[in-house]
Amino acid sequence: MVARINTVAFQGIEVLDIDVQVQMSGGIVAFTVVGLPDKAVGESRERVRAALHALGLALPAKRITVNLAPADVLKEGSHFDLPIALALLTVMGVLPDLEMSRYCALGELALDGALTPVAGVLPAAINALAHDRGLICPEACGGEAAWAGEGLDVLAPATLLALINHFRGQQVLTRPRPRIQESAAAPLDLRDVKGNETAKRALEVAAAGSHNLLMIGPPGSGKSMLAARLPGLLPPLDPAEALEVSMIHSVAGLLEGGKLLRQRPYRSPHQSASLPALVGGGSRAKPGEISLAHKGVLFLDELPEFPRGTLEALRQPLETGKAVVSRVNHHVTYPARVQLIAAMNPCRCGHLDDPSLACARAPKCAADYQSKISGPLFDRIDLHIDVPAVSPADLSLPPPAEGSAEVAARVALARAVQAERYAGFGPFPEGLAVRTNAEADGELLEKAAAPDQPGRALLTEAAERLKLSARGYHRVMRVARTLADLDGGGGVGRPHIAEALGYRRIAPGR
């Protein structure tokens, strides 16, 4: 007899259907797992054996073969424990064969038969609903699976015994309730920042249009402080975005208690982060920081201190909104539509513009330091601002009257204008919907951000004098469109173009 249980494997956030087949036959006693399993899957034999022993069940003295089909797909992760155990219980006659065929199962088994959380439950639940199946997962992941839809039959037992009792009619498992992750603390307030009104204005523009921002200034000028207050200016994720972002975090195993994200992610990796940690990769092609910050903020402090190769790997994701991890026999693609916020000192010592503190190697020190950032990466950043040191007079002033709440209200209005505008240009292909000005490109950008005649003349003249690339030209148009949206959503005029050009900076070495 052969028993079959449905489960899944993951390539990025793509879900692949896996058929777990278990056969018991005569011959030499053995327990073999085939079908290209990795070490974690191979070790499931011992976890399953111990979990069944904890229930008072012993495996028959037969040859047991577990096949994970299709056999040419690498099977990774500990979530194959539960489907293998259920297939064994089915072939032993403990569980009904017809009932089990209606479910997709994933979960890790503890030695005492408890079910422990695994990654990827949310995309697995969505896949199960699309195939008209139910889902069996650990209790800790039940709230995550419930978000797939009301029509999905979800069983989330705490132990393998509870699941057996449910199918034998001795216990009833209730459907878990979906849960949302609450913010741990109130966001930091922009009212804490004194002085640097130009930087605050640029931060508001960046938040309104989801633009990339680079802040250059001496140590202690408030660059990191400003970046940390950006999440308080951004609107919360809408339901579609929350599901998309939570799927990435689910695959990475970062959804705490199965609760979906509601706030936009804010990731701030250290300068020592490797290329796989930032872009994605590793032995299992896990999502990197740029994908974990999808629809949110990726803050890179002390930008030139990151390895050159790591920074250059950001070029494609920043342009396309996707991070592609290449392997010998397949490619894994993760969404990576992020808002990059970067901060750096003007030189290694950081005091280039202060004659009393600047080093003797200026200006060569500054040129060498800033040249660590390549022109192409520099060109992909929409807003470049200088953040000067805050004077003691500014520090002694009372807190400003306007804080994050007032700025966030203007940002929300500007984003609402953008969402309404681009919805009128739809429908867009699946996964390519445009919601903010930073995502507009090509013909869509020309329709949305075409300036009036004086604005067009100024932009053309500036592009010639500043030697703007085509990418830089279009990024000026995007920023100008956001400035017009902050002014009420009218047309793009010469003042908007002029302010947008003020945020462009000639790349080092040019």
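See the structure shown above.
Cut-off values and rules
Residues numbered from 1 in each chain as written. Predicted model: local features only at pLDDT ≥ 70, side-chain atom pairs only at ≥ 80, totals over all residues. Heavy atoms only, no water. Axes fitted to C-alpha atoms, helices over the stretch in contact; angles between N-to-C directions. Helix = DSSP H or I, 4+ residues; strand = E, 2+ residues; numbered from the N terminus. Parallel < 35°, antiparallel > 145°, perpendicular 65-115°, else oblique. Left-handed = near helix turned anticlockwise from the far one by under 90°. Contact = heavy atoms within 4.5 Å. Nonpolar A, V, L, I, M, F, W, Y, C, P; charged D, E, K, R; others polar. Expected span 1.5 Å × (residues − 1). Buried < 20%, exposed > 50% of the residue type's maximum accessible area, 1.4 Å probe, protein only. Pairing = 2+ DSSP bridges.

Novice: Report on the packing of helix H20 (residues 453–466) against helix H22 (residues 494–502), specifying residues and quantitative values.
Specialist: Put simply, H20 and H22 touch, their axes get as near as 7 Å, and they point 25° apart. Classified by the angle between their axes, H20 and H22 sit roughly parallel to one another. In the crossing of H20 with H22, the sense of the turn from one axis to the other is right-handed. Contact residues: H20 offers Pro 454, Gly 455, Leu 458, Leu 459 and Ala 462, while H22 offers Arg 494, Ile 497, Ala 498 and Leu 501. Taken together, the residues that form the contact of H20 with H22 break down as seven nonpolar, one polar and one charged.

Novice: Go over helix H8 (residues 197–209) with me, naming the residues and quoting the values.
Specialist: Residues three or four positions apart in an α-helix share a direction because the helix packs 3.6 residues into each turn. In a regular helix each residue adds 1.5 Å, so 13 residues correspond to 18 Å; H8 covers 19 Å between its end C-alpha atoms and thus fits that length. Counting buried residues along H8, 10 of its 13 residues qualify, which places the element largely inside the surrounding structure. For H8, the complete set of buried residues consists of Ala 199, Lys 200, Ala 202, Leu 203, Glu 204, Val 205, Ala 206, Ala 207, Ala 208 and Gly 209. Each element contacted by the buried residues of H8 is listed here: strand S11 (213–216), helix H9 (223–228), strand S19 (339–344), strand S20 (383–386), helix H18 (404–425) and helix H21 (470–486). Positive backbone phi, approximately 60°, marks Ser 210, located one or two places after H8.

Novice: Hey, could you go over the sheet that holds strand S13 (residues 266–267) for me, with residue numbers and the actual values?
Specialist: Taken in spatial order, the five strands of this open sheet run S13-S16-S19-S11-S20, and their pairing is parallel. Both edges of this open sheet fall to S13 and S20, since each of them pairs with a single strand only. The pairing of S13 with strand S16 (residues 297–300) spans two bridges and is parallel. The residue bridging Tyr 266 from the neighbouring strand is Val 297, located in S16. Of the strands in this sheet, S11, S19 and S20 touch H8, which is tilted by about 165° from S20.

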